[in-house]
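# Observations on the three-dimensional arrangement
Listed below are the residues making up each chain.
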Amino acid sequence: SSSSTRQPKYDVFLSFRGEDTRTNFTDHLYVALKGKGIITVRDEEELKKGERISELFKAIEESQFAIIILSKNYASSTWCLDELTKIIKCKDELGLKVLPVFYNVSPSVVRKQTETFEQAFIDHQKRFEDNIKKVETWRDTLKKVADISGWDLHLQNRHESEIIQDIVKGIMEKLSSKSSSINENLIGINSMVAELIPSYVGFGNDIYMMGICGMGGLGKTTLASAIYYKYSDHFEGSSYIANVRERSEKGELHKLQQQLHDEILESTNTTIYNVQVGVRKIKSSGLRHKKVLLVLDDVNHKDQLEYLVGKCDWFGSGSWIIITTRDKHVLVQHGVPKIYKPKGLDDDDALTLFCSKAFKKEQPEEGYMQLSQKVVKYASGLPLALVTLGSFLVGRTVEEWQSALNSFKNIKGNIHDILKISYDGLEEMWKEIFLDIACFFRGQEKDKVIQIFENCGFDARIGVSVLVERSLLTVDDKECFGMHDLLSEMGQKIIRFESGGKLGKQSRLWLVEDLLHVLENDMATEAIQAIVVRYKENKFDYEAIPEVLSSKMSNLRLMIIEKTNH
């Protein structure tokens, strides 16, 4: 791949000499980077080289930046030198950006290989006397790194914490051009942000808590994300807690408390085992002295707010706490003083967003203007509907557009029905893949799920590609599947509708209570194709399943039943 086409998985790769900096500078830098939402991977030298070297090199290739922490004993490690050689190769061939940190060693020592570096190479030349070329490659690589502009700590009479803040800020600034380009593509977002700030939050010493409330598909998450990435560097600490509803339903509310605590305080010294401990830790920590930006996305119960943000005095002066939800009552119950209700996109922005998907530009092709305006009208300014319909209609003829518009007349603004138009246009196998992901595999690793699909006889890679092209599925930076709540709900609604509301005739079962009900009441039928459930209790009866499989569920192609620890 080339630098113009590769898709980095990580923001930063850290290269360091473990015995010098693992438990101090490197660890503090790693936590600080993670605390700002910078996706960071670090090599752990205690792992066996033979087992990990290929995985390590792959991580370097999949990073945007490599921070090399050059310390006194860095050159004594052949592991580090091999790693460094790979980093410089990726810099030359893939456009990897390299940033050296000279930690208690000067660039001159690295360049000329004097002092501890000199002794290290004396040892290497003895050890590799049959491969002197390798040693010379290491020498040349160190010279190249020494000539790259970075951070020279040995000349600075400053606290390490201050220097780490500078490094993190520098990385954030270098990444900001990427964030800016993302925000520029979010049609209508700037006008919404301008309306919110400073009308709903401000830059004074007050603590600002506000809600963003509205129906699904309206762009609440997109708006909250835009605010977070635009303003997070104005605060002493920040945390974006995504999928609060979904993770709370899995019993992970204490893990969200852990994330909030660790990211804002840039610390991993505290372990939160339950929500009560989490409340005490958050209230008694240094959070109340910090100006923070906190986003809670997709809240649906007042307990989530009580356990995560409590009262305003949990945080320092000037903090912003932004909450997105479909349920205004949750905000009212918690006493959130300001609630913003996005109105959806205006006609001009809606047309622009639709055209960006349907025509890959801001205006319709010749002969499509009137048709485009009609589609936009049916979408009622909902960004999710505009994106989905635009992706569905791309490349289709005027006659096909007209046929689609005729089907829109019966929709009358129902968002699930609007989204189902794109689903109905899929081939049967792509529909099966979509429904499986909607019910079972949101948030799961793409490669693992594709393997499962292929074992079921599906052409999974092309199927996933089609779903992404149709805006029915996303793949995030961690190569995990993402799907909007409304699309997942639509998929589950389709399955329930097709079964006539009878659990035993559903093609898929994804709730443990539904599966237990089917088994206990002898309701299983050949209609059941897939079962994926996760349960907490120890009362699940595995022994009853084989008999039911052979006698009733003859078309079952997939079954995953696993116990969770939360």
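The structure this text deals with has already been given above.
What comes next concerns the included structure. Bear in mind that the values here come from a model prediction, so they are computed numbers and not experimental data. (Residues numbered from 1 in each chain as written. Predicted model: local features only at pLDDT ≥ 70, side-chain atom pairs only at ≥ 80, totals over all residues. Heavy atoms only, no water.)

## Focus on the packing of aromatic side chains
Quick reminder of the rule: Stacked, tilted and edge-to-face pairs are distinguished by plane angle, under 30 degrees for stacked and over 60 for edge-to-face with tilted covering the rest, among Phe, Tyr and Trp rings (Trp via its six-membered ring) whose centres lie within 6.5 Å. Residue exposure (1.4 Å probe, protein chains only): buried if accessible area is under 20% of the type maximum, exposed if over 50%, otherwise partly exposed. Charge-over-ring contacts are defined here by two conditions on Lys NZ or Arg CZ: a distance within 6 Å of the ring centre and an angle within 35 degrees of the ring normal.
Summed over all chains, the structure comprises 15 aromatic pairs. Between Phe 359 and Tyr 368 the ring centres are 5.5 Å apart and the planes differ by 70 degrees, which places this aromatic pair in the edge-to-face class. Comparing Phe 359 with Tyr 368, the two get one shared label, buried. Above the face of the Tyr 30 ring, Arg 42 is positioned so that its terminal group lies 3.8 Å from the ring centre.

## Some details on the packing of helix H17 (residues 369-379) against helix H18 (residues 383-393)
Just so we agree on the cut-off: Angles run from 0 to 180 degrees between N-to-C directions of axes, and those axes are lines fitted to C-alpha atoms, restricted for helices to the stretch in contact. Think of it this way: any DSSP run of H or I at least four residues long counts as a helix, any run of E at least two long counts as a strand, and we number them from the N terminus. Two helices that cross are described as forming a left-handed crossing if the nearer one is turned anticlockwise from the farther one by less than a right angle, and a right-handed crossing if clockwise. The contact rule is simple, with two residues in contact once any of their heavy atoms fall within 4.5 Å. Amino acids are sorted into nonpolar (Ala, Val, Leu, Ile, Met, Phe, Trp, Tyr, Cys and Pro), charged (Asp, Glu, Lys and Arg) and polar (every other residue, Gly among them).
Where H17 meets H18, the axes come as close as 9 Å, and the angle between the chain directions of the two elements is 145 degrees. Seen from above, H17 lies across H18 with right-handed handedness. Listed contacts from H18 to Val 375, Val 376 and Ala 379 of H17 are Ala 385, Leu 386, Leu 389 and Leu 393. Tallied by class, the residues present in the contact of H17 with H18 amount to seven nonpolar, no polar and no charged.

## Let's talk about the packing of helix H6 (residues 116-127) against helix H7 (residues 132-146)
Heads up, the condition is: Throughout, the term roughly parallel applies to angles under 35 degrees, roughly antiparallel to angles over 145, roughly perpendicular to angles from 65 to 115, and oblique to all others.
The contact between H6 and H7 brings their axes to 10 Å, and the two run at 160 degrees. By the angle class used here, H6 and H7 are roughly antiparallel. At the point where H6 passes H7, the crossing takes the right-handed sense. Contacts from Phe 117, Phe 121, His 124 and Gln 125 in H6 reach Ile 132, Val 135, Glu 136, Trp 138, Arg 139 and Leu 142 in H7. Class assignment for the residues of the contact of H6 with H7 results in six nonpolar, two polar and two charged.

## Here's the deal with the environment of Pro 107
With respect to the helices and strands, the residue Pro 107 is situated in helix H5 (residues 107-112). If we skip the residues at most four places from it in the chain, Pro 107 touches Phe 102, Ala 146, Asp 152 and His 154.

## Thoughts on helix H19 (residues 398-408)
Applied cut-off: Here, the arc refers to the directions that run from the helix axis to the C-beta atoms.
Within H19, burial applies to Trp 401, Ala 404, Leu 405 and Phe 408. Buried residues in H19, looked at end-on, bunch into an arc of 105 degrees, giving them a common side. If you follow the buried residues of H19, they end up packed against helix H16 (347-358), H17, H18 and helix H20 (415-424).

## Side note on unusual backbone geometry
With phi around 70 degrees, Asp 298 is a residue other than glycine that occupies positive phi space. Relative to the assigned elements, Asp 298 resides in strand S8 (residues 292-299). Residue classification places Asp 298 among the buried positions, given a relative accessible area of 12%. Its identity is not glycine, yet Lys 360 carries a phi of approximately 65 degrees, on the positive side. Looking at the element boundaries, Lys 360 is found in the loop between H16 and H17.

## Quick look at the environment of Arg 396
Mapped onto the fold, Arg 396 is located in the loop between H18 and H19. When its relative accessible area of 23% is taken as the criterion, Arg 396 is described as partly exposed. A sequence separation of 116 residues divides Arg 396 from Val 512, and the C-alpha atoms of the two residues are 42 Å apart. When residues no more than four places from it in sequence are discounted, the contact partners of Arg 396 are Tyr 368, Trp 401 and Arg 470.

## A look at the sheet that holds strand S3 (residues 63-70)
Worth spelling out the cut-off: Any two strands between which DSSP finds at least two bridges are classified as paired.
Strand order across the open sheet formed by five strands is S2-S1-S3-S4-S5, with parallel pairing between neighbours. Whereas interior strands pair on both sides, the edge strands pair on one side only; in this sheet they are strand S2 (40-42) and strand S5 (151-152). Looking at chain direction, strand S1 (residues 10-16) and S3 are connected through six bridges and run parallel. The residue of S3 that forms the bridge with Tyr 10 is Ser 63. The sheet strands contacting helix H2 (residues 25-35) are S1, S2, S3 and strand S4 (97-102), and the helix crosses S1 at an angle near 175 degrees.

## Section: the sheet that holds strand S13 (residues 508-509)
Strand order in this open sheet of three strands is S13-S14-S15, and the pairing throughout is parallel. Each edge of the sheet is formed by a strand with only one pairing partner; in this case those strands are S13 and strand S15 (558-563). Both strand S14 (residues 530-535) and S15 contribute to a ladder of six bridges, which runs parallel. Bridging across to S15, Tyr 535 finds its partner in Lys 563.

## Comments concerning the pattern of salt bridges
Short version of the rule: When a carboxyl oxygen of Asp or Glu is within 4 Å of a side-chain nitrogen of Lys or Arg, the pair counts as a salt bridge.
Throughout the structure, instances matching the rule amount to 28 salt bridges. Of the charged contacts, one joins Lys 86 and Glu 61 as a salt bridge, the two residues approaching to 2.7 Å between their closest N and O atoms. On the criterion of sequence distance, the pair formed by Lys 86 in helix H4 (residues 78-94) and Glu 61 in helix H3 (residues 49-61) is long-range, its members being 25 residues apart. Classification of Lys 86 by relative accessible area gives buried; the value is 14%. With its nearest N and O atoms 3.5 Å apart, the salt bridge here joins Glu 428 to Lys 431. Residue Glu 428 and its partner Lys 431 are located together in helix H21 (residues 428-441), separated by three residues, close to a single helical turn.

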